[in-house]
Amino acid sequence: SPTHHTKMEKQIKAHCLVLPYPAQGHINPMIQFSKLLEHQGVKITLITTRSYSKNLLKVPPSIALETISDGYDQGGLTEAGSYKAYLERFNQVGAETLTELLEKLEHVDCLIYDAFFPWALDVAKRLGIVAASYLTQNMAVNNIYYHVHLGKLRAPLTDHETSLPMLPTLQHEDMPSFFFTYAEDPTLFDFVVGQFSNIHKADWILCNTFYDLDKEIINLFMEIWPKFRSIGPNIPSMLLDKRFEGDQDYEVTQFKSDKCMEWLDCKPKGSVVYVSFGSLATFDEKQMEEVAFCLRENSSYFLWVVRASEENKLPKNFEKISEKGLIVTWCSQPKVLAHKAIGCFVTHCGWNSTLETLCLGVPTIAIPCWSDQSTNAKLMKDVWKIGIKAPFDDNKIVQQKVLKHCIEEVMESERGKKMKNNALQWKTLAGKAISDGGRKEAGSVNTYLDRFGQVG
Ligand code: UDX
């Protein structure tokens, strides 16, 4: 409990710089992890790009903020025009400006860098700084990309099925999307596989998962890299273990948070379908229309996050506030998922959304869009058994009727109740993984943090 932590223990033990890829799905979990480290007495400085810093509204007040350059200080990726241009320049300018920053700052003991930036590890090693690689994606996906790195799997895929150690057999529809865009543009595929190019040189390798969720792959990775640790789930303490007194939900986002908690407070337990496709995924108008009409016709209440940039794809005159539903441009998702009114989550299966829903006990309907999301959806459905995947038609659209049927299945059927129960069991295990009195096995967060705090 927080009262156990005396002033002595709170004294600064080390100064860590934390460098996430500049996107919500990377900054959020790394901030949550930073809060854990701070709790152990580590001082944190968050690094973002000059272009993204304009969107960062708030970080916890105890966390310092510094910037580096991605080479496009005005508009980041948008200014670059393509991932190819963006990432090429970022590699070079990022390494230069990170070096400058590290030379400028005094007493840096450790750099925790997003595994998406292997160049940051090279910089840290050059300057003799301890470096921890933070894998922001799911273990199964890391396992897939690692096997590509080893030369045991290739893009484009030739076989219909992929069999890898510690994973269920994966069909094409379960594989990360970059396998299929490779022939046209290998940039993103090479980028995600590049995470493993020099990772063996890292002093620590961290992944946002917990032991009970990914036991076998964690054991495998710990054999390959003795310094591998599962340090999740990195979700806000106020929702799980309440270990930080007065923990708040920091809106580290460029999106405006709408007030939807009051709306949820008036709804019966388990009656609301929560729909959100994360911070990046975009749907075409046809898919938006199918979702919109399904939600309107369906009998349940709904809360739907449609980002401002996507709003023009809503059907004309579609009501944003009605008896049945509420559309917001952004919400505090973990808080929403923790609300008793939520009955199920229609999700794109970004890794953070997946982990949040598992840890907060909410069953799901998966509509994966790209990147790692199809693989997360497969695990959700067949391994963790907390939801179903909405079937696509031949045009890769989930039709209104199909989605309606999925929602009814999860919210009303016996099978749906089992999924809910499974989700609640994961919630219990997630709580155990991070609780002070929790398990102390080699891969657990506490054993690791106790030692990490001593880094300095
Ligand atoms: C991206 C990738 O798409 C994802 O697949 C990868 O695993 C991580 O990076 P994103 O698409 O934004 O992330 O999805 P996700 O990983 O789910 O992260 C979104 C984050 O934004 C979550 O922490 C979620 O709680 C938060 N969020 C989302 C909000 O706080 N409010 C919202 O309204 C929507």
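You'll find the structure just up there.
Thresholds applied
Position numbers for residues start from 1 in each chain and track the written sequence from start to end. In view of the model being predicted, local features appear only for residues whose pLDDT reaches at least 70, and side-chain atom pairs are presented and counted only at 80 or more, with totals across whole chains, interfaces and linings using the full set of residues. The basis for the side-chain values is all heavy atoms of the structure; hydrogens and waters are excluded. Where helices and strands are cited, they refer to DSSP runs of H or I of at least four residues and of E of at least two residues respectively, numbered from the N terminus. Categorising residues by exposure relies on relative accessible area from a 1.4 Å probe, with only protein chains included: less than 20% of the type maximum marks a residue as buried, more than 50% marks it as exposed, and the intermediate range marks it as partly exposed. For accessible areas, the Shrake-Rupley method is used with a probe of radius 1.4 Å. Any residue's cover is judged against the shown protein chains and nothing else. For this count, His and the chain ends are skipped, Lys and Arg are scored as positive, and Asp and Glu as negative. Working definition for charges: the position is that of NZ of Lys, CZ of Arg, CG of Asp or CD of Glu. Only a single heavy atom is needed: when it lies within 4 Å of a molecule or strand, its residue is near that molecule or strand. Think of a polar contact as two N or O atoms within 3.5 Å of one another; within protein, one of them needs to be a possible hydrogen donor and the other a possible acceptor, and neighboring residues in sequence only count if both atoms come from side chains. Put simply, Ala, Val, Leu, Ile, Met, Phe, Trp, Tyr, Cys and Pro go in the nonpolar bin, Asp, Glu, Lys and Arg in the charged bin, and everything else, Gly too, in the polar bin. Here, strands pair whenever DSSP counts at least two bridges between them. An axis is simply a line fitted to the C-alpha atoms; with a helix, the fit covers only the stretch in contact. Between two such axes, the angle follows the N-to-C directions and lies from 0 to 180 degrees. For this analysis, residues touch if any pair of their heavy atoms sits within 4.5 Å. Only buried residues count toward a nonpolar core. Its members are Ala, Val, Leu, Ile, Met, Phe, Trp, Tyr and Cys residues joined through side-chain atoms within 4.5 Å. For Phe, Tyr and Trp, rings pair up if their centres lie within 6.5 Å, where Trp contributes its six-membered ring, and each pair is then called stacked (planes under 30 degrees apart), edge-to-face (over 60) or tilted (otherwise). Put simply, a charge is over a ring when the Lys NZ or the Arg CZ is close to the ring centre, within 6 Å, and near the line of the ring normal, within 35 degrees. Oblique is the label for every angle not falling under 35 degrees (roughly parallel), over 145 degrees (roughly antiparallel), or within 65 to 115 degrees (roughly perpendicular). Each helix crossing is assigned a hand: it is left-handed if the near helix lies turned anticlockwise from the far helix by less than a right angle, otherwise right-handed if that turn is clockwise. Note that a disulfide, as used here, is simply two cysteine sulfur atoms within 2.5 Å.

Visitor: Mind showing me how you'd approach the overall build of the chain here?
Guide: Secondary structure summary: the chain contains 18 helices and 15 strands in total. Taken along the three principal axes of its C-alpha coordinates, the chain extends 60 × 55 × 45 Å. Looking at the 456 residues of the chain, the share that counts as buried comes to 60%. For the chain, the exposed area adds up to about 19,200 Å²; of that, 51% sits on carbon and sulfur atoms. Computed over 50 positive and 55 negative side-chain charges, the separation of the two mean positions in the chain equals 4 Å.

Visitor: Please clarify how the site of the ligand should be interpreted in this entry.
Guide: Of all residues adjacent to the ligand, which total 22 residues, the nearest are Ser-279, Cys-331, Ser-353, Glu-356 and Asp-372. Side-chain polar atom of Asn-28 to an oxygen atom of the ligand: 3.0 Å apart, as the coordinates give it. Within the side chain of Asn-352, an N or O atom sits 2.8 Å from an oxygen atom of the ligand. In isolation the ligand exposes 660 Å². Once the protein is present, 97% of that is buried. Elements that contribute at least two residues to the shell around the ligand include exactly helix H2 (24-39), helix H13 (333-338) and helix H14 (351-360). Residue classes in the shell around the ligand are distributed as 6 nonpolar, 14 polar and 2 charged.

Visitor: Is there a simple way to think about the sheet that holds strand S11 (residues 301-305) in this case?
Guide: Adjacent strands of a sheet form backbone hydrogen bonds with each other and so pair up, either parallel or antiparallel. With parallel pairing, 6 strands are arranged side by side in an open sheet as S12-S11-S10-S13-S14-S15. This sheet does not close on itself; its edge strands, each paired only once, are strand S12 (325-328) and strand S15 (387-389). Each strand of the sheet is rotated relative to its neighbour by a mean of 15°, with strand direction disregarded. Bridge count for strand S13 (residues 342-347) against strand S14 (residues 364-366) is 3 bridges, and the pairing is parallel.

Visitor: I keep staring at the sheet that holds strand S3 (residues 64-68) and nothing clicks. Help me out?
Guide: Here we have 7 strands laid out as an open sheet, ordered S3-S2-S1-S4-S5-S8-S9, and parallel in their pairing. In this open sheet, the two edge strands, each paired with only one partner strand, are S3 and strand S9 (228-230). Neighbouring strand axes in the sheet, compared pairwise and without regard to direction, differ in orientation by 25° on average. The pairing of strand S4 (residues 110-114) with strand S5 (residues 130-135) spans 5 bridges and is parallel. Its bridge partner lying in S5, Ile-112 is registered against Ala-132. Of the strands in this sheet, strand S1 (14-19), S3, S4 and S5 touch helix H6 (residues 118-126), which is tilted by about 165° from S4.

Visitor: What's the story with the nonpolar core in this structure? I'm lost.
Guide: Side chains of a nonpolar character, in soluble globular proteins, are inclined to be buried together. Among the nonpolar cores identified, the biggest contains 104 residues, and Leu-19, Leu-98, Leu-111, Phe-179, Phe-228 and Leu-303 are the most heavily contacted of them. Beyond its immediate sequence surroundings of up to four residues, Leu-111 is in contact with Leu-17, Leu-19, Ile-47, Leu-98, Ala-120, Ala-124, Ile-129, Val-130, Ala-131 and Ala-132. Judged by nonpolar contacts, the second largest core, of 28 residues, contains Val-273, Trp-304, Val-306 and Ile-388.

Visitor: Sorry if this is basic, but what is going on with the packing of aromatic side chains here?
Guide: Pairs of aromatic rings are described using the distance from one ring centre to the other and the angle between the two planes. Evaluated as defined, the whole model comprises 23 aromatic pairs. Centre to centre, the rings of Tyr-21 and Phe-117 are 5.8 Å apart; their planes meet at 35°, and the pair counts as tilted. Placement of the pair is Tyr-21 in the loop between S1 and H2 and Phe-117 in the loop between S4 and H6, with a sequence separation of 96 residues. Aromatic ring contacts, followed pair by pair, group Tyr-21, Tyr-72, Tyr-86, Phe-90, Phe-116, Phe-117, Trp-119 and Phe-191 into a single cluster. A cation over an aromatic ring shows up here: Lys-227 above the ring of Trp-204, its NZ or CZ 5.0 Å from the ring centre. Sitting over the ring of Phe-392, Lys-396 keeps its end group 4.5 Å from the ring centre.

Visitor: For this particular structure, what's the right way to read the packing of helix H5 (residues 83-104) against H6?
Guide: Axes are the key here: two packed helices are described by the angle between their axes and the distance separating the axes. Closest axis-to-axis distance for the H5/H6 pair is 9 Å, and the angle between their directions is 30°. Of the possible angle classes, the one that applies to H5 and H6 is roughly parallel. The handedness of the crossing between H5 and H6 comes out as right-handed. Between H5 and H6, the residues in contact are Phe-90, Asn-91, Gly-94, Ala-95, Leu-98, Thr-99 and Leu-102 and Trp-119, Ala-120, Val-123 and Arg-126, respectively. Split into classes, the residues belonging to the contact of H5 with H6 amount to 7 nonpolar, 3 polar and 1 charged.

Visitor: Mind showing me how you'd approach the state of the cysteines here?
Guide: Two cysteines form a disulfide when their sulfur atoms are joined by a covalent bond. A complete count under the given rule lists 0 disulfides for this structure. With no disulfide of its own, Cys-266 has Cys-260 as its nearest cysteine by sulfur position, at a separation of 12 Å. Summary of cysteine pairing: Cys-349 is not part of a disulfide, and the nearest cysteine sulfur, belonging to Cys-369, is at 8.7 Å.

Visitor: Before we go on, may I ask you to explain unusual backbone geometry in this structure?
Guide: Apart from glycine, the bulk of residues carry a negative phi angle, and the bulk of peptide bonds sit in the trans form. That bond from Ala-155 to Pro-156 is cis: its omega, -10°, falls within 30 degrees of zero. Along the chain, the position of Pro-156 falls in the loop between helix H7 (139-149) and strand S6 (161-162). With an omega of -5°, the peptide bond between Gly-232 and Pro-233 qualifies as cis. Secondary-structure assignment places Pro-233 in the loop between S9 and helix H11 (261-265). For Met-166, which is not glycine, the phi dihedral falls at a positive 65°. Relative to the helices and strands, Met-166 is located in the loop between S6 and strand S7 (170-171). Phi angles above zero are rare outside glycine, and Lys-396 is one such case at about 60°. Tracing the backbone through its elements, the reader meets Lys-396 in the loop between S15 and helix H16 (400-412).

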